[in-house]
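Understanding the architecture of this molecule
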Amino acid sequence: MPIHSKHPETLAVHAGFRTAPGTHSVAVPIHQTTSYQFESTEHAANLFALKELGNIYTRIMNPTWDAFEQRVAAMEGGVAALAVASGQAASTYSVLNLCEAGDNFVTSTDLYGGTWNLFANTIRQMGIEARFVDPTDPEAFRRAVDDRTRLFYAETLPNPKLQVFPIAEVAAIGRELGIPLIVDNTAAPVICKPLEMGAAAVMYSATKYMGGHGTTIGGVVVDGGNFDWAAWGDRFPTLNKPDQSYHGAVWTEAVKPLGPIAFIIRMRVILLRDLGAALSPFNAFQLIQGVETLPLRMRQHCENAILTARFLRDHPKVTRVIHPSLMEGEMRRRADTAFRGGYGALLGFELEGGAEAGRRFIEALELFYHVANIGDARSLAIHPATTTHSQLSPEDQLASGVSPGYVRLSIGIEHPDDIIADLSQALEKV
Ligand code: PLP
């Protein structure tokens, strides 16, 4: 029975799965199987011809993923989702689903470093050009478009700058020109709904807040079902021209009986089939456990981050705190437009004393973990100048928002008094 609720707290626990047929199991079972027996030759033929949707082989679909996918799609307000092996696979597939060699896409410069590398190097080697533009100027996206531009790409809350992306503005420009905006919403699940603001698809590194337990790498892409791919026929050859690798199927036509899911179906049956970044069923199960408490955790993450930001703002050794709750003017307006119920739990601050102070601070932490990750239930810290950004020149570090004394925090769900006490004692040792 489908669950009718608009509340993420309810959907996180109930959407996409009720009980397992046959066993009546309430928890989503781990379907650790490679393949699925067909009921008949006709059934097999229908599945392969996409006349019916059903399980064929776990590189392409799996019932444990299916529960995860449906749950995330419901929470996001999308029509369908695809689970993949990592956030990197999710962003790679988001681009490859629309671009062929010779095409281009326009992307915000403010990206996770792994995504930057992927776009600037690996995707470029495939003959697809990433055109990087400054997200503080939404019109820069329009100016970078030509006939071969297939999508806009951005992160909702990119660190280290933590300036919220103008989703509604860029999505609107895209809709005028027939270009979908795809948003990496990894840092802002539940508090931001990019599809409601006009994005065509949303992707996550589920490794972060969605799982939350720091045990599992995974990714997911959600199709908003709100973009008319067929109306812009020439713009999207991968969806509107016969697909030689699937008996000449035209995806926007072939999936009509199934709903507005051409984008996500093609990603599943072509990209996942051919490139194979399949999520393990066990990892899907782990991510489902995480999603159940995601709305609850996000609330605590966000509350703790606001308290931490205020504590750091008032600390004499801290010269600057970067958190949307403390921003003013246009950046605060963007955060208030995009977010409901918090400003995210990523936070940056700058220490008087530069790199050496940053190093001493990290060494002194007791509760915080020193790791290259975000979105864990535990509080995490890193000093980008000596880790994630150490390969960049000092000028490029500064351009990307990292000064030598910059520390990045991912605020966890511990009691805020303990988070602040740890920061306080570490600051004393700087
Ligand atoms: N997108 C963002 C915003 C991230 O922070 C990360 C990882 O740090 C990724 C994508 C890549 O995700 P994964 O590590 O699951 O491949």
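Each chain has its residues counted from 1, running along the sequence as written. At least 70 in pLDDT is required for a residue's local features to be given in this predicted model, at least 80 for side-chain atom pairs to be given and counted, and no such filter applies to totals for whole chains, interfaces and linings, which use all residues. Hydrogen atoms and water are omitted, and side-chain values are computed over all heavy atoms in the structure.

As annotated in an unreviewed UniProt entry, the protein chain carries the name O-acetylhomoserine (Thiol)-lyase and is attributed to Roseospira goensis. Reading the Cofactor (unreviewed entry) entry of the UniProt record for the protein chain gives the comment "pyridoxal 5'-phosphate". UniProt positions are given in the numbering used here, feature names are shortened, and annotations may be inferred rather than shown by experiment. According to the UniProt record, the Sequence similarities (unreviewed entry) comment for the protein chain reads "Belongs to the trans-sulfuration enzymes family."

We now examine the environment of alanine 206. Put simply, DSSP H or I for four residues or longer makes a helix, DSSP E for two residues or longer makes a strand, and each gets a number counted from the N terminus. Relative to the elements of secondary structure, alanine 206 occurs in the loop between β6 (201–205) and β7 (219–223). The exposure class assigned to alanine 206 is buried, which follows from its relative accessible area of 0%. For the pair alanine 206 and alanine 187, spaced 19 residues apart in sequence, the C-alpha separation works out to 9.9 Å. Apart from residues no more than four positions distant in its own chain, alanine 206 is found in contact with Phe68, Gly211, Gly218, Gly219 and Leu287. When accessible area is computed with a 1.4 Å probe and restricted to protein chains, residues below 20% of their type maximum are described as buried, those above 50% as exposed, and intermediate ones as partly exposed. In this analysis, two residues are considered to be in contact whenever any of their non-hydrogen atoms come within 4.5 Å of each other.

Position of glutamate 100 among the secondary structure elements: in the loop between α4 (87–96) and β2 (104–108). For glutamate 100, a relative accessible area of 41% corresponds to the partly exposed category. C-alpha separation for the pair glutamate 100 and leucine 347, spaced 247 residues apart in sequence, amounts to 37 Å. Look past the residues within four positions of glutamate 100 in its chain and what remains in contact with it is Gly127, Ile128, Pro237 and Thr238.

Here the focus is the pairing of β7. The buried fraction of β7 amounts to 5 of the 5 residues, a majority that puts the element mostly inside the structure. By the alternation rule, side chains of β7 split into Gly219, Val221 and Asp223 and Val220 and Val222, which are all buried. Whether two strands pair depends on DSSP finding at least two bridges between them. Two elements, strand β1 (residues 80–84) and β7, share 5 bridges in a ladder whose sense is antiparallel. Of the residues in β7, the one forming a bridge with valine 84 is glycine 219. Where β6 and β7 come together, 5 bridges link them in antiparallel fashion. Residue serine 205 lies in a different strand from β7, and its bridge partner there is glycine 219.

Criterion for a salt bridge: a side-chain nitrogen of Lys or Arg within 4 Å of a carboxyl oxygen of Asp or Glu. Going through the model one piece at a time under the given rule, you end up with 25 salt bridges. Taking the shortest distance from any N to any O, the salt bridge between aspartate 137 and arginine 143 comes out at 2.6 Å. Take arginine 143: its relative accessible area is 58%, and that puts it in the exposed class. Through salt bridges that share partners, Glu169, Glu330, Arg333 and Arg334 make up one connected network.

All right, on to the pairing of β2 then. Where burial is concerned, most of β2 is hidden: 5 out of the 5 residues are buried. In β2, alternate side chains face the same way, and those of Asn104, Val106 and Ser108 on one face and Phe105 and Thr107 on the other are all buried. Pairing of β2 with strand β3 (residues 129–133), which is carried by 5 bridges, proceeds in the parallel orientation. Looking at β3, one finds that valine 106 is bridged to arginine 131. Orient the strands so they point away from the viewer; a crossover is then right-handed if the path from the first strand over the helix to the second runs clockwise. After leaving β2, the chain enters helix α5 (residues 113–125) and then returns to the sheet as β3, a path that is right-handed. Sheet topology places β2 next to strand β4 (residues 149–155); 3 bridges connect them, and they run parallel. The residue bridging asparagine 104 from the neighbouring strand is threonine 149, located in β4.

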